[in-house]
Amino acid sequence: MTTAQNVVEVRDLRKTYGDTAAVDGVSFDIHRGETFALLGPNGAGKSTTIEILEGYRRRTSGEVRVLGADPERAGLDWKARLGIVLQSSGEVGAVTVREQLAHFAALYPNPRDVDEVIGAVGLEEKAGALIRKLSGGQRRRVDVAVGIIGRPELLFLDEPTTGFDPEARRSFWALIRQLQGEGTTILLTTHYLDEAAQLGDRAGIIASGRMVDLAPIGELGGADARIPIVRWVEQGGVREERTHAPAAVAAALIDRLGGEPEGLEVIRPSLEDVYLDLVGHEHADDLAPETLTETRA
Amino acid sequence: MTAPMTATGATGARPVPPGLGSPLARTVRLGLLRIGYEVRAYFRQGDTVFFTFLFPVVMLTIFSVSFSEASFEQTADGDDITAAWFFLPAMLAAGVLLSGLQNLAIDIAAEKSNGTLKRLAGSPLPVVSYFIGKIGQSVVTGVLQAVILLLLAFTVFQVPLPEEPARWGDFAWMFLLGVITSAILGIALSAVPRSGASATAVVIPITLVLQFISGVYLRFSDLPDWLQSVASIFPLKWMAQGMRSVFLPDELVVLEQNESWDEPGIALALAVWLVAGLILTRLTFRWIRRDS
Ligand SMILES: Nc1ncnc2c1ncn2[C@@H]1O[C@H](COP(=O)(O)OP(=O)(O)OP(=O)(O)O)[C@@H](O)[C@H]1O
Ligand SMILES: [Mg+2]
């Protein structure tokens, strides 16, 4: 099923717990060398999907191919080609950063240089420290380092930058770009949409276990989603108009209203706006924006 | 995250991934590597060092000091057998149980629930290498523990140690077979606790009861026959008997069941438990519960 270009193929994947579906008929491909971002709200089914691809969980139904194999049946040679950064890092025994990386390096046939990887995640000064004595963000960097030490062909990153400070996040992006330059295929989940926009080639947005959109990052939400919005206040109510010519609309408003329109804004929908639109309908109830507006009014 | 990493090979052309090589050689090589990794981490763990590693040493000291006036038996020459002498074999056997079964059952249950095994499951580490690492950790720490016990008994409590090489030969095979069996049973038992937090509560009562009925803390010869027979089902009784056969004078054989050290019985009981442990491990061990 896996073609030369597809490193991951997922068809109609389903995973149920009791009678709730954590993943409910998801399909997508990841091409060789591509970075694919899986986006969606908490509980959408991202980690469940990733862990099925990693071989950690059994699927209820559907077809999955990862590097040409079924993750439920793949062996050690297959694992040697993967890099995994789990959402929750768990604990590590009493070992230092360098010991841990050297140990994991020894498990892979063609590992990266331990000190280079320590440098790449910015832990030179902590190389001799016990991992359990590191800060949360530093421990997360060890997870990333362990994920890439084996020079993976396919790298799974489940919310890798949780707890990173802004600078660490930037250098993480640089690291990922370097891996991309070497041809690594990456599956990334994140709640930071700027991160997805920076790193991703294509993205799938899932909500409640279903794929609500799947497109190159710049095209999510369809062609109309990024049309600018002109917003103003007229007769006490908020009005808005989607237009490719916001300046012309504003000029026409000035003519019609005979002056500066109240509360005039031109909004170019960001990836975040597009994303919220896409997952919005399903989660509007949870977030209860009406209640918020009422309290403010 | 600053220094760029060097890429190997020409950019763009990804080298064909090298295979992992011969599975057996790789399993053994990584197993040996795991032993080093495990032993280092073990000794950095203050609480295990105290409660597992030094526990028999502490107990031997307590017994020797508390019963320093008491005489347990007499040798054929009419010399008193001190408490230290009498309890040395018992504590050696207890050490085997603690370094193997108790240590590993708790340790692996904890690694299962704290994510260590999940991490390893995602790596190309053969599960047998992981076991070799754990068994090796038990052997290394068990041997060190035995050396400390013997040194303490010999130098501080003046326990006469055997001079015949044959006895040390018996000690070597019994100790090794015992510690390996104990370690494998620990791996098998690690499947029982539902979480790392409950592991101690599940494992300690088992090891404690075994120690009481197998002649570690109480004199085996004082136990009623039926309890001796119950204890004979479990490996610790045989381990303790084996250690007595090495370190107590031969005339004390009259205190044993059937008035015999029964070396073939020791070998058989330990070997049967070893095989049972392997089968249980094969049936129950999982890196992770796949459906959780
Ligand atoms: N082991 C499990 N047993 C029962 N339900 C589960 C289990 N694992 C996940 N779920 C449910 O499946 C759904 C998807 O969970 P999942 O962890 O995949 O979400 P996610 O998209 O990764 O969310 P987050 O952004 O918070 O990490 C959730 O509703 C969760 O409660
Ligand atoms: Mg998740």
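Being a predicted model, the structure only gives us computed values, none of them experimental. (Residues numbered from 1 in each chain as written. Chains lettered and ligands numbered in written order. Predicted model: local features only at pLDDT ≥ 70, side-chain atom pairs only at ≥ 80, totals over all residues. Heavy atoms only, no water.)

*Asks:* Outline the overall build of chain B, supporting the account with residue identities and numerical values.
*Replies:* From N to C terminus, chain B includes eleven helices and zero strands. Listed by position from the N terminus, the elements making up chain B come as α-α-α-α-α-α-α-α-α-α-α. Residue burial in chain B is summarised as follows: out of 292 residues, 51% are buried. In chain B, once contacts between residues fewer than 6 apart in sequence are set aside, the share between residues at least 24 apart is 78%. Accessible surface for chain B amounts to roughly 13000 Å². Of this, 69% is attributable to carbon and sulfur atoms. Computed over 19 positive and 21 negative side-chain charges, the inter-centroid distance for chain B is 27 Å. (Helix = DSSP H or I, 4+ residues; strand = E, 2+ residues; numbered from the N terminus. Buried < 20%, exposed > 50% of the residue type's maximum accessible area, 1.4 Å probe, protein only. Contact = heavy atoms within 4.5 Å. Areas by Shrake-Rupley, 256 points an atom, 1.4 Å probe, with all protein chains shown as cover. Lys, Arg positive; Asp, Glu negative; His and termini not counted. Charge placed at Lys NZ, Arg CZ, Asp CG, Glu CD.)

*Asks:* An account of the UniProt feature "domain: ABC transporter" (unreviewed entry) in chain A is needed here, citing residue identities and associated values.
*Replies:* Per the UniProt entry, the sites bearing "domain: ABC transporter" (unreviewed entry) are residues 8-233 of chain A in this numbering. Here residues 8-233 of chain A is 29% helix and 29% strand, with 49 Å between the C-alpha atoms at its ends. (UniProt positions renumbered as here; feature names shortened; annotations may be inferred.)

*Asks:* Give me the coordination of the magnesium ion (ligand 2): which residues, what numbers.
*Replies:* Residues and elements named next belong to chain A. Coordination of the magnesium ion (ligand 2) by the protein involves S47 (OG) and Q87 (OE1), with metal-donor separations of 1.9 to 2.1 Å. Taken as a pair, S47 in helix α1 (residues 46-53) and Q87 in the loop between β5 (82-85) and α3 (97-107) lie far apart in primary sequence, 40 residues in all. Using a relative accessible area of 15% as the deciding quantity, one classes S47 as buried. Residue Q87 is classed as partly exposed on the basis of its relative accessible area of 37%. (Donors = N, O, S within 2.8 Å, 3.2 Å for Na, K, Ca; no water.)

*Asks:* So what's going on with the pattern of salt bridges? Which residues, and what values?
*Replies:* All names here are of chain B. Inspection of the entire model under this criterion finds 31 salt bridges over all chains. Where K134 meets E38, a salt bridge forms, and the shortest distance between an N and an O atom there is 2.9 Å. Highlighted residues: K134 in helix α6 (residues 127-156) and E38 in helix α1 (residues 23-43), separated in sequence by 96 residues. Note on E38: relative accessible area 3%, which makes it buried. K134 serves as the salt-bridge partner of E111, at 3.2 Å between the closest nitrogen and oxygen. Of this pair, E111 sits in helix α4 (residues 83-113) while K134 sits in helix α6, and the two are 23 residues apart along the sequence. Judged by relative accessible area, E111 falls into the buried class, the value being 11%. Its relative accessible area of 0% is what places K134 among the buried residues. What you see here is one network of salt bridges that share partners, running through R34, E38, D107, E111 and K134. (Salt bridge = Lys/Arg side-chain N within 4 Å of Asp/Glu carboxyl O.)

*Asks:* Residues and numbers for the site of ligand 1, please.
*Replies:* Around ligand 1 there are 15 residues in total, and G43, K46, S47, T48 and H191 of chain A lie nearest to it. More than one chain approaches ligand 1, the contributing ones being chains A and B. Here an oxygen atom of ligand 1 and a side-chain polar atom of S47 of chain A are 2.7 Å apart. At three residues, α1 of chain A tops the list of elements feeding residues into the shell around ligand 1. The residue makeup of the shell around ligand 1, split by class, is four nonpolar, eight polar and three charged. (Near = heavy atom within 4 Å. Polar contact = N/O pair within 3.5 Å; in protein donor to acceptor, adjacent residues only side chain to side chain. Nonpolar A, V, L, I, M, F, W, Y, C, P; charged D, E, K, R; others polar.)

*Asks:* Any details on the sheet that holds strand β1 (residues 6-17) of chain A? Residues and values, ideally.
*Replies:* Residues and elements named next belong to chain A. Reading across from one edge, β2-β1-β4 is the order of the three strands in this open sheet, with antiparallel pairing throughout. One side of each edge strand has no neighbouring strand; the edge strands of this open sheet are β2 (20-31) and β4 (61-66). Looking at each pair of strands side by side, their axes are set apart by 15 degrees on average, direction ignored. Along the sheet face, α1 touches β1, β2 and β4 and points at about 120 degrees away from the line of β1. (Pairing = 2+ DSSP bridges. Axes fitted to C-alpha atoms, helices over the stretch in contact; angles between N-to-C directions.)

*Asks:* Which residues make up empty space enclosed by the protein, and what are the values?
*Replies:* All names here are of chain B. Summed over all chains, the structure comprises four cavities of 30 Å³ or more. In this structure, the largest cavity occupies an estimated 150 Å³ of space. Around the largest cavity, the lining is made up of 15 residues, and of these F86, F220, R244, L248 and E256 lie nearest the centre. When residues of the lining of the largest cavity are assigned to their parent elements, the largest contribution, four residues, is made by α4. Looking at the lining of the largest cavity, its residues break down into ten nonpolar, two polar and three charged. (1 Å grid on protein atoms, 1.4 Å probe; cavity = no way out; pocket = protein on both sides within 12 Å on 5 of 7 lines; lining within 4 Å. Points joined across faces, edges and corners; volume = space filled by probe spheres on them.)

*Asks:* Lay out the domain arrangement of chain A with the relevant residues and their values.
*Replies:* Residues and elements named next belong to chain A. Partitioning chain A into structural domains gives domain 1 (6-219) and domain 2 (224-296). Between the C-alpha centres of domain 1 and domain 2 the distance comes to 36 Å. Between domain 1 and domain 2, the buried area comes to about 960 Å², and carbon and sulfur atoms account for 69% of it. Taken as a group, P41, L193 and I205 account for 45% of the area that domain 1 buries against domain 2, more than any other trio of residues on that side. Taken together, the links from domain 1 to domain 2 amount to two residue pairs in polar contact (both at pLDDT 80 or more). Taken together, the elements giving at least two residues each to the side of domain 1 that touches domain 2 come down to α7 (193-199), β8 (202-207) and β9 (210-216). For the side of domain 1 that touches domain 2, the class distribution of residues is eight nonpolar, three polar and two charged. (Domains from an automatic or database assignment. Buried area = accessible area lost by both parts, 1.4 Å probe.)

*Asks:* Would you mind going over the sheet that holds strand β6 (residues 154-158) of chain A in detail, with residue names and values included?
*Replies:* All names here are of chain A. Overall, mixed pairing links the six strands, which are arranged β5-β6-β7-β3-β8-β9 in an open sheet. Each edge of the open sheet is held by one strand with a lone partner, namely β5 and β9. Adjacent strand axes in the sheet meet at a mean angle of 15 degrees when their direction is disregarded. Judged from the five bridges that link them, β6 and strand β7 (residues 185-189) form a sheet pairing that is parallel. Note that in β7 the partner of D158 across the bridge is T189. Most of the contacts of α1 go to β6, to which it runs at about 155 degrees, and overall it touches β3 (35-39), β6, β7 and β8. Helix α6 (residues 166-181) contacts β3, β6 and β7 of the sheet and is inclined by roughly 155 degrees relative to β6.

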